[in-house]
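Next come the chains, spelled out residue by residue.
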Amino acid sequence: MNTNELKELSEKIVEEGKAFKKKVCVCCGAGCLSSGSEAVLESMKQTIKDKGLESTVQVIPSGCMGPCNQGPLVKILPEETIYEKLDGDAVEALVDDHIVKDTPQEDKLLFSEYRDKPFVDSREDPFFKRQKRIVLENCGRINPESIEDYIGVNGYQALAYALHRSSPEHIIGEIKLSRLRGRGGAGYPTGFKWETVYRHVADQKYVVCNADEGDPGAFMDRSILEGDPHRVLEGMILAGYAIGATQGYAYIRGEYPAAIKRFEEALKQARKKGFLGRSIMGSDFSFDVEIRIGAGAFVCGEETALLASIEGKRGTPRPRPPYPAESGLWGKPTLINNVETFANIAPIVISGGTAFGEVGTPKSAGTKVFALAGKVQISGLIEVPMGTNLRDIIFEIGGGIPGGHKFKAAQTGGPSGGCIPEQHLDHPVDYESLQELGSIMGSGGLIVMDETSDMVDVARYFMEFCVDESCGKCIPCRVGTKQMFDLLTKIYEGRATDIDLATLEQLAHVVKDTSLCGLGMSAPNPLLSTLRFFKEDYIQHLKDSALANV
Amino acid sequence: MPDKITISINGTEIKTEEGKSILSVCKENDIHIPVMCHFPGLTDVGACRLCLCEVKGYNKLLPACTTLVAENMEIQTHTEKLKEYRRVIVEMFFSERNHMCSICVANTNCELQDMATEVGMQHVRFPFLNQECAVDASHPKYVIDHNRCIMCTRCVRVCSEVEGAHNWDVKNRGYNARVISDFDQPWGESETCTSCGKCLNVCPTGALWAKGSVQGKLDKFPEKITDLIEKRGIH
């Protein structure tokens, strides 16, 4: 398929879509699937068929729409109305009212329990109004298992442009211009990484997509892969073209069966259409992608451990340098980026690096997808421009703290991150500001805690996670995390003294400075940040133990 | 011919060649850096973290064993911070399993014991984890006592890289990680072990020993393994 044929196909798909008056998207993201959206989808298809509306109403399964705790969700286009908490039985009345009579069913509208007047056009709702969707623009609007749907929303046009009207150097230049930074958490400038791999001369190079998302409470990459797998794939192919690789691997964690299935399907469809495989779109560029399934080790999200796992070895990290860009898979230069990073590539190629860089802050361009969870009224998947402050995210988008409780802390970055207190909520969220606060951007998990949370317990929870997930290769992480966990337990249970707290703090610094990989280096972060901002919780436990010992 | 470069270690200028590790340059210049998982001739893994050094321009500490020297590199090997960290790391080793010297075959012939002296460890500030580990004496000639193991994986590497048998590997994660024989079978039932004894000779502690060894009287000949590696030209 060449550029013109792709354009014609895209126009044809859009034209065919116009034949339908309405498009009903039934959310089949992981959250909605688990609350029973499959039954809603079946019932919706049957109802539309029974009522003879098949020629005017299109029903599709879609990816995540965002407000996951309100599922199962159904979105009706073009009016952008979202209905919540549906089940198979509610579908017929909904079709009668909204589609046949054209009157929205007020009591089933999204957020009808929180808003005095819920919005018929969901885009008007504060939850969506404050968001900016680049990565998630197709999520919840197209069928993730249909390459035609993706082509209909300009899919693979960035690839066509790159292959026929651009060059690897130009693509890398655009990525650099965009100032895109790695969305896996560390925030390394993507363009520089691409350029480094591009410059290394080798007979074979690799592209690897890190989809081993493992932070507790994080589901961004999962939702992107489940909702728009072709977008990620297109990003990988573009990367392969830019750096001169012929083979890619997507390392997806085994706990994400739907993501694996949909990505596998995307690979098949892309091969059939000639976007993947030999001589892609008639050019002399060949590239293919294989899936590797993670077996449940958190540490395999660390890039060197992930590469070892792809090679079939025990998934343990190795010291860097050398970085994978120089010596990665089987010793060859390897580009490894996270799912969300790859999902940003096609928009950059299409709209240009400069335009992309206009969103966000000077140092952190673009948007960031967060998985909002915990003690917040509306939890789910959101995408905001970099630089949005936490207060807006939690109180405007998330609707604040339920049950009349007071906010206590926002945890970002999972077991590698930290807890941010009330007084810092107005800080704009970007890589640097979170680091200054002793936390990290991380992959995008954002857990809200209210006054009922005991921060010693929070630190202990994350430390226990690190104890379980430490690979055991280096001593500070293997023994240090266990010792820290035991000390935290001692404090939590009211058996500790000031000396224990001092030992704990010293240990935290040693583990942070001496561990081999990011897991160990960042394992003390939740502890250190709670000690910094919530020391009173620790002191209270120590007082309790002093009293108990009288 | 590798390029000649100049680096500085602890403030002293040193002329050396590209492609060498910080550790090997230090050895050539009689600068002693403590190591535990490193064994001459085996692939370095950077796991024991004792050889960590401060290198100007890096915000992380870098292991001397796996970091290659580069032109104008400025390295510090014995700052107060590094010395303190090394002491804490050795304390962690001692707290992990059972390292009661007085009842160990390797007493007075143990690298961990020597290391404790070297870094000036006087006591262990952390509670002993007191893990209950197995002792596998199923092999006709040898014993593996996991209580003494510090997971340096020298045995795993020597078996795989020098003997070519790959009897040893590692199972589990974190502090539950253990060295295993074949697919976690008793050593005596191993189909890959050639009973060569190389693992015994590279083991830094009393985790691997020959039957008949008496407390404090363990014989080990690591230099023979080094010699063999050199003569065979491995690496």
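Enquirer: Outline the sheet that holds strand 9 (residues 367-374) of chain A, supporting the account with residue identities and numerical values.
Expert: All names here are of chain A. Pairing in this open sheet of five strands is mixed, and the strands run 10-9-13-11-12 from one edge to the other. Strand pairing shows two members of the sheet lacking a second neighbour, strand 10 (380-385) and strand 12 (418-421), which therefore form its edges. Taking each pair of neighbouring strands and ignoring which way they run, the sheet shows an average axis angle of 30°. Two elements, strand 9 and strand 10, share six bridges in a ladder whose sense is antiparallel. Residue pairing for strand 10: L372 is matched across the bridge by G380.

Enquirer: Outline the pairing of strand 10 of chain A, listing residues and values.
Expert: Extensive coverage of strand 10 of chain A is indicated by the burial of five of its six residues. Turn length for the strand 9 of chain A-strand 10 of chain A hairpin, with the two strands adjacent in sequence and antiparallel, is five residues.

Enquirer: Please set out the side chain of T367 of chain A residue by residue, giving values where relevant.
Expert: Residue and element names in this part refer to chain A. Within the element layout of this structure, T367 appears in strand 9. Polar side-chain contacts of T367 include one of 2.5 Å to the side chain of E383. Setting aside its immediate chain neighbours within four residues, T367 contacts K132, I134, V135, R183, E340, V359, E383, V384, P385 and M386.

Enquirer: How would you summarise the domain arrangement of chain B if you had to cite specific residues and measurements?
Expert: Residues and elements named next belong to chain B. The domain boundaries assigned to chain B delineate domain 1 (4-78) and domain 2 (101-232). Across the domain 1 to domain 2 interface the summed buried area is about 1,300 Å²; carbon plus sulfur atoms make up 66%. It is M36, F39 and L42 in domain 1 that bury the most area against domain 2; as a group they hold 54% of the surface buried on that side. Where domain 1 touches domain 2, the interface holds zero salt bridges. Across the contact surface, domain 1 and domain 2 share six residue pairs in polar contact (both at pLDDT 80 or more). Taken together, the residues of the side of domain 1 that touches domain 2 sort by class into nine nonpolar, four polar and one charged.

Enquirer: Break down the environment of G442 of chain A for me, with residues and values.
Expert: Residues and elements named next belong to chain A. Its location among the elements puts G442 in the loop between helix 17 (431-436) and strand 13 (445-450). The spacing of G442 and V339 is 103 residues in sequence and 13 Å in space, taken between C-alpha atoms. With residues near it in sequence (within four places) discarded, G442 still touches R183, G184, G185, K368 and G413.

Enquirer: Just give me the short version of the environment of E493 of chain A, but keep the residues and values in it.
Expert: Checked against the element boundaries, E493 of chain A lands in the loop between helix 19 (475-492) and helix 20 (498-514). By relative accessible area, E493 of chain A is classed as partly exposed at 47%.

Enquirer: A description of helix 11 (residues 229-243) of chain A should follow, citing residues and the corresponding values.
Expert: Residue and element names in this part refer to chain A. Here helix 11 contains 15 residues, and its C-alpha end-to-end distance of 21 Å stays within 8% of the 21 Å for a straight helix at 1.5 Å per residue. Counting buried positions along helix 11 gives 15 out of 15 residues, so the element sits mostly inside the fold. Of the residues flanking the end of helix 11, it is G244, one or two places downstream, whose phi is positive at about 85°.

Enquirer: Outline the interface of chain B and chain A, supporting the account with residue identities and numerical values.
Expert: Each partner contributes to the interface: chain B provides 33 residues, whereas chain A provides 34 residues. For the pairing of chain B and chain A, the buried interface totals around 2,800 Å² over both sides, and the portion due to carbon and sulfur atoms is 61%. One can count two salt bridges joining chain B with chain A. One salt bridge connects E96 of chain B with R478 of chain A, and the closest N-O pair in it is separated by 2.7 Å. Inspection of the region where chain B meets chain A yields 16 residue pairs in polar contact (both at pLDDT 80 or more). Elements with a contribution of two residues or more to the side of chain B that touches chain A: strand 4 (62-63), helix 2 (80-96) and strand 8 (168-171) of chain B. For the side of chain B that touches chain A, the class distribution of residues is 20 nonpolar, five polar and eight charged.

Enquirer: How would you summarise the sheet that holds strand 4 (residues 81-83) of chain A if you had to cite specific residues and measurements?
Expert: Either a parallel or an antiparallel arrangement is found when strands of a sheet pair, and the pairing is made through backbone hydrogen bonds. Residues and elements named next belong to chain A. In spatial order, the strands read 2-1-3-4; together these four strands make up an open sheet with mixed pairing. Lying at the two open borders of the sheet, with one neighbouring strand each, are strand 2 (57-62) and strand 4. Here the strands of the sheet are splayed against their neighbours by 20° on average, with no regard to which way each runs. Strand direction decides the pairing type here: strand 1 (residues 22-27) and strand 2, joined by six bridges, are parallel. When the bridges of strand 2 are listed, V24 appears paired with V59.

Rules used throughout
Residues numbered from 1 in each chain as written. Chains lettered and ligands numbered in written order. Predicted model: local features only at pLDDT ≥ 70, side-chain atom pairs only at ≥ 80, totals over all residues. Heavy atoms only, no water. Pairing = 2+ DSSP bridges. Helix = DSSP H or I, 4+ residues; strand = E, 2+ residues; numbered from the N terminus. Axes fitted to C-alpha atoms, helices over the stretch in contact; angles between N-to-C directions. Buried < 20%, exposed > 50% of the residue type's maximum accessible area, 1.4 Å probe, protein only. Polar contact = N/O pair within 3.5 Å; in protein donor to acceptor, adjacent residues only side chain to side chain. Contact = heavy atoms within 4.5 Å. Domains from an automatic or database assignment. Buried area = accessible area lost by both parts, 1.4 Å probe. Salt bridge = Lys/Arg side-chain N within 4 Å of Asp/Glu carboxyl O. Nonpolar A, V, L, I, M, F, W, Y, C, P; charged D, E, K, R; others polar. Expected span 1.5 Å × (residues − 1).

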